[in-house]
Amino acid sequence: MELFEIYSHLSQKYKVEAVFIQGSESTFYGYGKIMGQLNEELNLLQPISDVNKSLKISSRAIDKIEDHLKDFNHSYLILKLHESDLDSSLNKKEYIVESGSNKNAFDEKFDNKNSNGNYPKRRKTTLEIIQEEGNDEIKLNEEQTKVLHDIDEWVKGENPIAVLTGRAGTGKTTLLKSVVALLKKRKKTFSLLAPTGRAARVLKAKTQQAAITIHQEIYVFDKDDMQLSDDSENQQLKFEESDFSLNFKLKAEENISQIYIIDESSMIGNRKQADGELNFGSGKLMTDLLTQTGVINRKNVDSKILFVGDKIQLPPIREIESLGLIPDTLFKEFNLPFVPKYFELKKVMRQSGNSLILKNAEKLRSSVENKSFIMPTIETDNKTVLRTRPDKIKNKVLKDLDFKKHIMVTRSNAAAYSYNKTFREKIYGENHQGLVPNDLIMATRNTLEGNVTNGDIFQVIKIVSSETKRVTLNKSAEFKNKPKHIDLNFKRIIVRLIEHDDDKNNIEIFVIENLLNKPEIFLDKDEIIASRIDWNNRIREKNYSIEEKKDSYLTDKYINAVPIKFAYAITCHKAQGGEWDNVSIHLPMYNSEDEEYFRWLYTAITRSTKVLSFINLPE
């Protein structure tokens, strides 16, 4: 029967003024002459059908309507929907009277058979269409299908934040392909984000959708805030006293509702960053993210964020947890209207189900979840997981001559520096410290134009030019009586991101080499000051206005040179968000076996997709 036919039957049989029939999980349909009156009295703001005087009502409003009907002694009946899945090819529905003013009608049942006595064929759901259209590469298992359905319900609901987490290899990124397809079908506006450039590129490659960093999405350089002086002498003094920084502010808010999907969310912190050479927003990334996207502090935009990641991976530096993957903490920290929805994948998909790499990772995961920090035995098979020594790694990598597919993960910057140094000595000899073609290098700072991001790893293709600038610091109290000379070493080079293989992806960048042969990951204070004073010296005689000075500073190749380090070995925080075929882990000889160490080792192990080796692994 059609819904209007059910209403006609019940209104005549039981002489009721109104009948409400549930048409779907979220919607009721009201029939009767008093629908217009109810629409006005309850301020429902819904159009009344001219054909059958029906009123479409949200399921959330039905209790309120029933209370109103009782208060004003209206006669009514309410039918709830019961769907059968005995035959998935047919759309079987049953409508049962479950409440109302006439108890004699209770439990009366109706179905949706047509005039020929047949059930209509069931229409495919959006989720079914998505899975049919997908290829074998994104075939979802039962668990992923259920989570996709739950995410679909979240998209349609009021909760602004959801968390999708899962152990290594459970197919979080694979599921995101289907989430993207779902949002397209729903005609939703969405953006894919990640904390680092490498993680954004991995996300883009796996979803075939544009992805950028969180910083690119929410911040813009604040040129008006640049503090430059008309007087060059005074400017040098300010530089030497470190009275200068570049600040990025939150982008202007856009009145556009959209869904943000953020991968590798374990890396998003909210600890206030100390002011330095480059400053971003409030210094609290999570606060800035939720503010700029409109999830908090705005009421006119219905934006949502889906945080995606592995909650057992390392949290951000100097933080004890990954805020973006812990719903209760997010709820309390930001006074959210709802506790964020939580979805978790547990069935391992990546590699084989009995992968020894993931088996070892799972042991560490269980230890963290159970707060039991007794080191489990790392199993080896001498094929996919093995013990090794630094000299064996060097010989193997040199034999294959494929530096890009192997990475050494260390616990500290000092250990990474030591390995990079000895590895390059093995290749080029002890006296060759400079950059050469085929070297692997890592950027340690974003560029203002955004073509290079902190943590990007490149292979050097060609050295175009080299130059050294000597700068003298002698104006401030610190240097006036004892001038200091700083050498700044620059190169123009052609490079290629390690995830690419062909020359069409080559780019030319201008780099500063001062970090290459020391353990620090940032230029020291005096080197930063020297680069600024060098710029100041070069523009002294040009009579620039303040605006012209700003433009000159922001486009100067020396000021904006990319600081780089060798990248045959990197710390686990720098490796986070990336994957390599072959990963070697340098275990410290002495370490405290606590939660931080277990998370570090778990994160390092899960960087490998094929082969995993350990230095200093106990027998």
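Residues numbered from 1 in each chain as written. Predicted model: local features only at pLDDT ≥ 70, side-chain atom pairs only at ≥ 80, totals over all residues. Heavy atoms only, no water.

### Looking at the pattern of salt bridges
(1) Moving on: Considering all chains together, one arrives at 39 salt bridges under this definition.
(2) Moving on: Among the salt bridges present, the one from K363 reaches E379, with a minimum N-O distance of 2.8 Å. Pair noted here: K363 is in helix α12 (residues 356-370) and E379 is in the loop between α12 and β16 (385-388), with a separation of 16 residues, a long-range link.
(3) Moving on: Where D581 meets K610, a salt bridge forms, and the shortest distance between an N and an O atom there is 3.9 Å. Of this pair, D581 sits in strand β24 (residues 580-586) while K610 sits in strand β25 (residues 608-615); the two residues are 29 residues apart in sequence, bridging distant segments of the chain.
(4) Moving on: Its relative accessible area of 25% is what places D581 among the partly exposed residues.
(5) Moving on: When salt bridges that share partners are traced, they join R198, R201, D456 and E499 into one network. (Salt bridge = Lys/Arg side-chain N within 4 Å of Asp/Glu carboxyl O. Helix = DSSP H or I, 4+ residues; strand = E, 2+ residues; numbered from the N terminus. Buried < 20%, exposed > 50% of the residue type's maximum accessible area, 1.4 Å probe, protein only.)

### A short note on unusual backbone geometry
(1) Moving on: Here the phi dihedral of R318 falls at roughly 65 degrees; this positive angle occurs in a residue that is not glycine.
(2) Moving on: Along the polypeptide, R318 turns up in the loop between β14 (304-309) and α11 (327-333).
(3) Moving on: Of note, the phi angle at N543 is positive, near 55 degrees, even though the residue is not glycine.
(4) Moving on: Along the polypeptide, N543 turns up in the loop between α15 (525-538) and α16 (546-555).

### Here we look at the sheet that holds β25
(1) Moving on: Taking strand neighbours across the sheet as the criterion, the five strands line up as β16-β25-β24-β17-β23 in an open arrangement whose pairing is parallel. Here the strands that pair on one side only, and so sit at the sheet edges, are β16 and β23 (569-571). Mean inter-strand twist for the sheet, computed between neighbouring axes without regard to direction, equals 30 degrees.
(2) Moving on: In the sheet, β16 pairs with β25 via four bridges, with the strands oriented parallel. Bridging across to β25, L386 finds its partner in S613.
(3) Moving on: Across the sheet, helix α14 (residues 413-428) touches β17 (406-410) and β23, and the angle it forms with β23 is around 175 degrees. (Pairing = 2+ DSSP bridges. Axes fitted to C-alpha atoms, helices over the stretch in contact; angles between N-to-C directions. Contact = heavy atoms within 4.5 Å.)

### Section: the side chain of R167
(1) Moving on: For R167, the location among the structural elements is in the loop between β7 (161-166) and α6 (172-185).
(2) Moving on: According to the relative accessible area criterion, R167 is buried, its value standing at 10%.
(3) Moving on: In this structure the side chain of R167 is engaged in a polar contact, spanning 2.8 Å, whose partner is the side chain of E362.
(4) Moving on: Ignoring sequence-local partners within four residues, the contact set of R167 consists of K172, D310, E344, L345, K346, V348, E362, R365, E369 and Y602. (Polar contact = N/O pair within 3.5 Å; in protein donor to acceptor, adjacent residues only side chain to side chain.)

### Considerations on the pairing of β7
(1) Moving on: With six of six residues buried, β7 is to be regarded as a mostly interior element.
(2) Moving on: Across the two faces of β7 the burial is the same, with I161, V163 and T165 and A162, L164 and G166 all buried.
(3) Moving on: With five bridges connecting them, β7 and β14 associate as parallel partners. Paired with T165 across the two strands is G309, which belongs to β14.
(4) Moving on: Of the pairings in the sheet, the one linking β7 to strand β15 (residues 341-345) comprises five bridges and is parallel in character. Bridging from a neighbouring strand, A162 pairs with K341 of β15.

### Observations concerning the packing of aromatic side chains
(1) Moving on: As enumerated under the stated definition, the model contains 17 aromatic pairs in all.
(2) Moving on: Centroid distance F490 to Y558: 5.1 Å. Interplanar angle 75 degrees. Geometry classified as edge-to-face. Residue F490 is located in strand β20 (residues 484-497), and its partner Y558 is located in the loop between α16 and β22 (562-566); the two are separated by 68 residues in the primary sequence.
(3) Moving on: Looking at Y558, the relative accessible area reads 12%, which means it is buried.
(4) Moving on: Ring plane angle 25 degrees and centroid distance 5.6 Å describe the contact between Y597 and W600, whose orientation is recorded as stacked. Here the residue Y597 and the residue W600 both occupy positions in helix α18 (residues 595-605), the gap between them amounting to three residues, near one helical turn. Per residue, the accessibility class of Y597 equals that of W600, and both read buried.
(5) Moving on: Here the aromatic cluster, defined as three or more aromatic residues joined through ring pairs, consists of Y219, F221, F248 and F280.
(6) Moving on: The residue whose ring lies beneath K469 is Y558, and the NZ or CZ to ring-centre distance is 4.5 Å. (Phe/Tyr/Trp six-rings, centres within 6.5 Å; stacked < 30°, edge-to-face > 60°. Lys NZ or Arg CZ within 6 Å of the ring centre and 35° of its normal.)

### Topic: the sheet that holds strand β10 (residues 219-221)
(1) Moving on: Taken in spatial order, the three strands of this open sheet run β10-β11-β13, and their pairing is mixed. Two strands in the sheet have a free side with no partner beyond their single neighbour: β10 and β13 (278-280). Shown here is a sheet whose adjacent strand axes are inclined to one another by a mean of 25 degrees, direction ignored.
(2) Moving on: Of the pairings in the sheet, the one linking β10 to strand β11 (residues 246-250) comprises three bridges and is antiparallel in character. When the sheet's bridge partners are listed, F221 is paired in β11 with F248.
(3) Moving on: With respect to the sheet, helix α10 (residues 285-292) is in contact with β10, β11 and β13, its orientation differing from that of β11 by roughly 40 degrees.

### Quick notes on α15
Because an α-helix completes one turn every 3.6 residues, residues spaced three or four positions apart along the sequence face the same direction.
(1) Moving on: Relative to the 20 Å expected for 14 residues at 1.5 Å per residue, α15 spans 20 Å between its end C-alpha atoms, a close match to the ideal helical length.
(2) Moving on: Of all 14 residues in α15, 11 are buried; the element is thus mostly enclosed.
(3) Moving on: Among all positions in α15, only D526, E527, I528, I529, A530, S531, R532, I533, D534, W535 and N536 are buried.
(4) Moving on: Each element contacted by the buried residues of α15 is listed here: α9 (232-240), β19 (457-473), β20 and α16.
(5) Moving on: Between a side-chain oxygen at the N-terminus of α15 and the backbone nitrogen of D526 the separation is 3.1 Å; the capping residue is D524. (Expected span 1.5 Å × (residues − 1).)

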